[in-house]
Amino acid sequence: AEDDDGLSAAIALGLYLDAGLPGERVTISSDGGGCLPTFDEDGRVVEMEVGDSSALIDCFGRLLAEGRSPADVLPAFTSNVAGFLRLPGKGRVAVGADADLVVLDEDGGVGDVMARGRWHVRGGGLIERGTFETTSPAEV
C-alpha cells in the first residue's frame with residue numbers, strides 16, 4: 001500500500017541481487033489462497049480477504065519489465081523454494097519430477113498451467129479448477 005513503509009517483493013529481490021548476495025539463498029512465495037485478516041485497533045478481525053495467486057506472476061512480470069533476466073530471478077520462485085522446503089519433485093523440470101509447469105505468453109502473462117501432469121489452463125482459458133478456486137470456466 002502507498003502508506004506502507006515496506007518494499008514490494010520485486011524491489012526487495014532486485015536490491016538483494018544488486019548487492020551481489022547469493023541468488024540461491026532467496027525465495028519469493030505468496031499467500032495465494034491464504035487468509036489475510038484485517039484487524040481493528042482492539043485486535044478484532046473486521047475483514048477477511050484471501051490472498052491472490054496472481055501476486056507471483058505480477059512480481060515476476062515486474063522484474064522482467066525492469067530488464068532482469070529470467071535466469072537470474074526464476075530460481076527465487078521455483079527451485080530455491082522447493083529446495084528450502086525439501087520438495088524434490090518440485091521447482092525443476094526433470095524426469096520423475098511432478099510436471100508442474102507455467103508457460104508464459106509473449107507479454108509475460110500466464111498462457112498455460114500444468115499441475116502434476118494435468119493441464120489446468122490452456123491458451124489462457126481455465127480447464128480445471130483447483131481446490132480453492134471459485135471462478136467457473138465461463139468467468140475466465
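Here is what the cut-offs are and how they apply
- Residues numbered from 1 in each chain as written.
- Predicted model: local features only at pLDDT ≥ 70, side-chain atom pairs only at ≥ 80, totals over all residues.
- Heavy atoms only, no water.
- Buried < 20%, exposed > 50% of the residue type's maximum accessible area, 1.4 Å probe, protein only.
- Helix = DSSP H or I, 4+ residues; strand = E, 2+ residues; numbered from the N terminus.
- Arc of directions from axis to C-beta.
- Axes fitted to C-alpha atoms, helices over the stretch in contact; angles between N-to-C directions.
- Parallel < 35°, antiparallel > 145°, perpendicular 65-115°, else oblique.
- Left-handed = near helix turned anticlockwise from the far one by under 90°.
- Contact = heavy atoms within 4.5 Å.
- Pairing = 2+ DSSP bridges.
- Salt bridge = Lys/Arg side-chain N within 4 Å of Asp/Glu carboxyl O.
- Core = buried A, V, L, I, M, F, W, Y, C linked by side-chain atoms within 4.5 Å.
- Phe/Tyr/Trp six-rings, centres within 6.5 Å; stacked < 30°, edge-to-face > 60°.
- Lys NZ or Arg CZ within 6 Å of the ring centre and 35° of its normal.

(A) Main features of helix α1 (residues 9-18). Burial in α1 covers these residues: A10, L13, G14, Y16 and L17. Along α1, the residues classed as buried sweep out an arc of 165 degrees about the axis, all on the same side. Of the residues one or two after α1, G20 is the one with positive phi, at around 80 degrees.

(B) Broad picture of the packing of α1 against helix α2 (residues 54-65). In the contact formed by α1 and α2, the axes pass within 9 Å of each other and the chain directions differ by 50 degrees. One way to sum up the angle between α1 and α2 is to call them oblique. Both α1 and α2 take part in a crossing whose hand is right-handed. Every residue of α2 that contacts α1 at A9, A10 and L13 is listed here: C59, R62 and L63.

(C) Just the sheet that holds strand β6 (residues 125-126), in detail. With antiparallel pairing, four strands are arranged side by side in an open sheet as β3-β4-β5-β6. The open sheet terminates on both sides in strands that have one partner only, identified here as β3 (101-104) and β6. Relative to strand β5 (residues 118-122), strand β4 (residues 110-115) runs antiparallel, the two sharing three bridges. The residue bridging A115 from the neighbouring strand is R118, located in β5.

(D) Layout of the pattern of salt bridges. Going through the model one piece at a time under the given rule, you end up with eight salt bridges. The partner of R44 in a salt bridge is D40, with the nearest N and O atoms 3.1 Å apart. With a closest N to O distance of 2.6 Å, E128 and R118 form a salt bridge. Of this pair, E128 sits in the segment after β6 while R118 is found in strand β5, placing the two residues 10 residues apart along the sequence. Note on E128: relative accessible area 24%, which makes it partly exposed.

(E) Spotlight on the nonpolar core. Membership of the largest hydrophobic core is limited to 12 residues, which are A10, L13, Y16, L17, V26, I28, C59, F60, L63, V73, A76 and F77. Looking at this core, the elements with two or more residues in it are α1, α2 and α3 (70-77). The element that contributes the greatest number of residues to this core is α1, accounting for four residues.

(F) The packing of aromatic side chains, seen in detail. Inspection of the entire model under this criterion finds one aromatic pair. Centroid distance F60 to F77: 5.5 Å. Interplanar angle 90 degrees. Geometry classified as edge-to-face. Here the residue F60 occupies a position in helix α2, and F77 occupies one in helix α3, the gap between them amounting to 17 residues. When the ring centre of W119 is taken as reference, the NZ or CZ atom of R122 above it lies at 4.1 Å.

(G) Looking closely at the pairing of strand β2 (residues 45-50). As paired strands, strand β1 (residues 35-39) and β2 are joined by five bridges and run antiparallel to one another. Its bridge partner being in β2, L36 is matched across the sheet by E49. Connecting β1 to the next strand, β2, in antiparallel fashion are five residues, including G43 with a positive phi near 85 degrees.

Fair warning: the whole summary comes from geometry, so function is off the table for now.
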